[in-house]
Every structure is written in C-alpha cells, then in structure tokens.
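Chain and residue survey
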Amino acid sequence: MLREAPCFDATKRTKSDRSGGPLQSEIDDSSDATQSVRRVLHLEDNREDQELIEYLLSRAGIVCDITTVESQAEFLDALKSQSWDLILSDYSLPAFDGSRALAVAKQLSPDAPFIFVTGTLGEDIAVETLKNGATDYVLKQKLTRLSTAVRRALKEAAERKRLLEAEAALIRSREDFRFLADHDPLTNLYNRAYLHNHFPSMLASADRHQERSALLFLDLDGFKFINDSLGHSLGDLVLKEAAERLKQCIREPDLLLRLGGDEFLIVLTGLKDSTDAAIAVERIQRVMADEMQIQGHSLTVTCSMGISIFPDDGTDGESLIKCADLAMYSAKDSGRNPWRFFTQEMNGRAADRLRLEYGLRHAIEKDQLFVEYQPQIDLKTGRIVGAEALLRWRHPEMGVVLPATFIPISENSGEIVRIGEWALRTACAQARKWQVKGVVSTPVAVNVSAVQFRQKSFVETVKKVLNETGLAPHLLELELTESLLLSSSIVMATVMSDLTDAGIRLAIDDFGVGYCGLSYLMDFKFSKLKIDGSFIKSIGRNSASSLIAAAIIGMAKILGMKVLAECAETEEQVHFLREHSCDEVQGDRN
C-alpha cells in the first residue's frame, strides 16, 4: 500500500504540549536546512509507527511531505518514480529486510540520506549498515533523537550538494579559462599566449626542414574612426568579420591570431621564398577590401601589413614580431592599404627606444618621476577603500610618458629595480601622511615588476620601506601580474609566504589577459583579484566579455578573494558589477 500524508501542523498542539520538554527544544533548534518542504519516503508496515513518526517530525518543525510504503514492490516503484530528500526505513519487514532496502535505495537514489527507524538493531548489524551507506539509525524506544538525526542528515546532504555544485562550477570555469588562456574571447582566434607557447616549435620545425616562414603583422586602417563614430559594439562586429575573412586566406598549417585591438598576426609556413609571402598578402588585401555590411552600414575596411621572414630577419619569435611590427608601421606611414617587407632602415624606432632608456637612468635624480593616486571604491557603500599608485614620467621633450611605454624598457635595462623601489617608498610615504593627517586610512596598492620580484633582497626592501615610512604592513597591497606568478613557482611561494607572513596584502592584477593558470589561485594567498579593464569596458557591448567577467567574480568568491573591476566608468558597468557581487571598482588607469 502506498499512502501520501503531509506532516501535522507543528502549531497545533495540545495543552500538555505547551509546557516545553524535549520536543519543544527540538522545535526551537530547527535549522534553515529543514524549512523548505522535503520529500520523504518512509518504508514502514506498522500504521501506528507511521503516524507517530509523521507526528514527531511535524512537532519538531521539520516541514516535509511524507510518502509511506509498506512492501518491496511499493518501495521500488516510489524510488523509480521520483527523487527523494530523505529515506526512512524499518529494518525488520515481512519478506523484505532493511539491508536489502538500503542496497536498493543506494542504487536508485544514491544522494538521499537513509536513516533506519527500527525497534531492534544489534550493534554488529548497525555498524554494517553504516558501512554500507546508511546515514544513521534511531531506535523506536528512543524516538526523541529522531528529529536531531533527520536535521543532521538533511543538513549534511544540503552541504554535499552545495559543495558538488561549487566543484562543478569551478570545473566549468577551468574549462572556460583553458580555452580563454590561448584564445581571444571576441573572435575565438588564438591569442598572444598561444603564440608564445607554440611559435618556437613552429620555427624549430621550419629550421629542421630548411623552410622559410613569414610573419605578417596586420593592422586595420581607420578602425579608431569606426569605434569613435559608430560605437564600440559595431567596432567589435567589424573585428569579428575581419577575423572570418582572414580565416579564408590561410592554409591548414598556417596560424592566425588576434594580438589585441585591431592587430592580427599571421604565420605562413612552408614557403619557398619571400614571393610566396607577397602573393598571400595580396590575396588578403583583396578579400579585406570587399565592402562589409554591418548593421545597415556599408564599410570598406582595408589593412596595413608588415612582413618579416624567417630566418632572414630573425631566428626567434620576439625578433620576427619586432621586425614585422616595424614594417607594418612603416607601411601605415606611407598611406592606407599598403604592405612592406622589413628592412634594416626601419630600425630607427629602436634608436628612439635607446633614447628613452638613457633618459630613465637619470629620471630619479632629475626629479622627473611622479605618482598619481586613483581611488578604489566600495560598490556597497560608495566609500573610498583604497588607492592605486600610478607611476608617471615627465620627460623633458616628450611630456608625460605612461608606464606602458617606459616600464618594459626599464625592465629590459634593469633600471626597474631602482624605479620600483622609488615608487614603493613614495606611495608608502604618501599613505602614511594621509593617515597621520586623518584624511584617510586605507591600503595603497603598488604594482610590482617581475624583475623586482626576482631580486633576492625584494622582501627585505619592502620591509625596510615600511619601517622607514612608518606605514603599517596591512596598509600596503602589492599587485602582481599573472605572467609574474607563472615565472618560478618555488621562488614565488617563498617570497609570497614571507610577504603575507609580514602582514602585507597581495593582489592579482589584470586578471584574464595573461596565461590564465588556475593552480596559483589555490597555491598562493591573495586578498584581492583585479579583473582586467578590457572585459569591463565591453560589458553591455560584448556578451562574451560580460560572461567572462561574471565567471571571474564567481570563481574569486569561491576562493575567498575580494574582486575589484578596473575601468568601471559607466552606470551600466557599475550596475552589472554590483548585481554580480563585485566588491570594488576603479577607473581607467591610463
């Protein structure tokens, strides 16, 4: 017989019940895990025991919908017909014992907690049932502990479900990030990280087979005008259309990447001579010159290309990219829709780089460096909760030079060690002044270069600066990039451990555009994750960027980190971030 009976209303009690006692305390102790209606399957052939257990659960405030069955056939039908939140079972049944009931339940409803409610159960049998998957057992002579056992079982099951869901979400995030690690989210083309990992082997293969390869550095003409006049969303569609057209122009062994912005890179393999590269370039220009029809606009989007040849112009990826880049800018200077092979005369730009490098050596002594501070805002309160120190260089001839220009040069020359320490000391001193004057007492964030981090004296330098400026360690936050984190795990672990032991905060900067290894998120103790501004700028214009931003926030929350979004400057972006529980925002750092 299969019978459905809802639990008794816990508010309907007799006068004698109102005096308290064990049942009253069980009601008072009810937890959130038992407040939603639970589907309970009860295997019991004694009608009085059925009703007593229903009554006790109701009295305890456990809201449930109980389906009672009395035979093996009814039990099997119930298990097959729906899922259950809890299974209660007598152990001694006519022609069907509890061990068989447990085995069937574990097979057909493995996630449901299983509790024996029985009159007699020897110690050996009880231990054996627990080994076989029973959650608990309650003797009918001691039914006062029934509600406690049920609550605990439901709570543990809910916790297991939450953990499984979190694990599944993390697995999905890992799969997404594995793809994003070497793909551009807008065009789904390979990205710079993929080139970094695979280009060396492609060049090695070309060298073994004594073949030439060509690197084509491609830039869309007039793309900034399209973005500014027609909007970034339409600009994104132009980039996607350009990517699809470029795919038509390459062969199976060739490689097509988007480097960022409106820049693409094509690696042509198995060439006989440079003439093959020129033929490919002309084919690309013909395809790209066809009019694009996008959202009612007829657009002609041409491109400028620079070409470097392996091994003539270089034998490593960095040299070939540099040469192709120089050739592309030379082509662009000569007008729209041109292309150029690299020549040595194009190295004039390298001379400009040397001039910057020389100037950096004297920038500190000549008082040309300065720091600007960008506030970090709490999305819930709107209050300033931190500030990022942004290094600037006031060049006597070039004006204010941004870090994107001079930091790579200073890293290559080693000058970043002195410059980085100066910036750290300046930021800490300023933060201490704000604190003393009562203006604000929030952490100051300082970017750290990989070159600085690899210095043996780095931790001692940071401690020395804090001691000299009087700033408390917890008010300093060091921002590290993903590429830095992947450079040397053993050294990294030691340095980061020393910094966190000293009370210094650590944050991951520009997350999402580096090599996206996920293991370091669990290996190292970070207080904050900063989402790269390229994803935030595209919120509302690019669904992929919005999904990625939401996934990053969710992943960081699972790992217990605060999340800050860079370049959040519109109401739409701020609303999206607040809706997805992002903690903090700051503007564009450029």
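So, here's what we can say about the structure. (Residues numbered from 1 in each chain as written. Predicted model: local features only at pLDDT ≥ 70, side-chain atom pairs only at ≥ 80, totals over all residues. Heavy atoms only, no water.)

One pass over the structure, following the stated rule, counts 8 aromatic pairs. Measuring from ring centre to ring centre gives 5.0 Å for Tyr373 and Trp434, while their planes differ by 75°; the resulting arrangement is edge-to-face. Here Trp434 lies in helix α14 (residues 416-437) and Tyr373 lies in strand β14 (residues 369-378), a separation of 61 residues in the sequence. Among the aromatic residues, those joined into a ring-pair cluster are Tyr91, Phe114 and Phe116. Positioned over the ring face of Phe370 is Arg394, at 4.2 Å from the centre of the ring. (Phe/Tyr/Trp six-rings, centres within 6.5 Å; stacked < 30°, edge-to-face > 60°. Helix = DSSP H or I, 4+ residues; strand = E, 2+ residues; numbered from the N terminus. Lys NZ or Arg CZ within 6 Å of the ring centre and 35° of its normal.)

On to the environment of Ser546, then. When you line up the elements, Ser546 lands in helix α21 (residues 543-558). Judged by relative accessible area, Ser546 falls into the buried class, the value being 12%. Spatially, the C-alpha atom of Ser546 lies 7.5 Å from that of Ile536, the residues being 10 residues apart in sequence. In this structure, Ser546 is in contact with Ser538, Ile539, Gly540 and Phe576, ignoring residues within four places of it in sequence. (Buried < 20%, exposed > 50% of the residue type's maximum accessible area, 1.4 Å probe, protein only. Contact = heavy atoms within 4.5 Å.)

With that settled, the discussion passes to the layout of surface pockets. Of the volumes computed, that of the second largest pocket is approximately 460 Å³. If you go around the second largest pocket, you meet 20 residues; those closest to its centre are Trp84, Asp85, Asp111, Ala157 and Lys161. Within the residue set of the lining of the second largest pocket, elements represented by two or more residues are β2 (38-43) and α6 (146-181). When residues of the lining of the second largest pocket are assigned to their parent elements, the largest contribution, 7 residues, is made by α6. Broken down by class, the residue content of the lining of the second largest pocket amounts to 10 nonpolar, 3 polar and 7 charged. (1 Å grid on protein atoms, 1.4 Å probe; cavity = no way out; pocket = protein on both sides within 12 Å on 5 of 7 lines; lining within 4 Å. Points joined across faces, edges and corners; volume = space filled by probe spheres on them. Nonpolar A, V, L, I, M, F, W, Y, C, P; charged D, E, K, R; others polar.)

Where α14 contacts helix α16 (residues 458-469), the axes come no closer than 9 Å and their chain directions differ by 35°. Between α14 and α16 the crossing geometry is right-handed. Between α14, through Glu421, Leu424, Arg425, Cys428, Ala429 and Arg432, and α16, the contact on the second element is made entirely by Thr461, Val462, Val465, Leu466, Glu468 and Thr469. Looking at the contact of α14 with α16 residue by residue, the class counts come to 6 nonpolar, 2 polar and 4 charged. (Axes fitted to C-alpha atoms, helices over the stretch in contact; angles between N-to-C directions. Left-handed = near helix turned anticlockwise from the far one by under 90°.)

Counting 70 residues, the largest nonpolar core has Leu476, Leu478, Leu499, Leu529 and Leu577 as the members making the most contacts within it. Residue contributions to this core peak at 7 residues, all from α14. If we skip the residues at most four places from it in the chain, Leu577 touches Leu379, Ile536, Ile539, Ile553, Ala565, Ala568, Cys582 and Val585. Counting 34 residues, the second largest nonpolar core, distinct from the first, contains Leu186, Leu256, Val301 and Met305. (Core = buried A, V, L, I, M, F, W, Y, C linked by side-chain atoms within 4.5 Å.)

Now for the pattern of salt bridges. In total, this model carries 24 salt bridges according to the counting rule given. Lys140 serves as the salt-bridge partner of Glu44, at 2.9 Å between the closest nitrogen and oxygen. Of the two residues, Glu44 is situated in the loop between β2 and α2 (47-59) and Lys140 in the loop between β6 (136-139) and α6; the sequence distance between them amounts to 96 residues. Ionic pairing is found between Arg418 and Glu415, a salt bridge with its closest N-O pair at 2.5 Å. Each of Glu44, Asp49, Asp90 and Lys140 takes part in one network of salt bridges that share partners. (Salt bridge = Lys/Arg side-chain N within 4 Å of Asp/Glu carboxyl O.)

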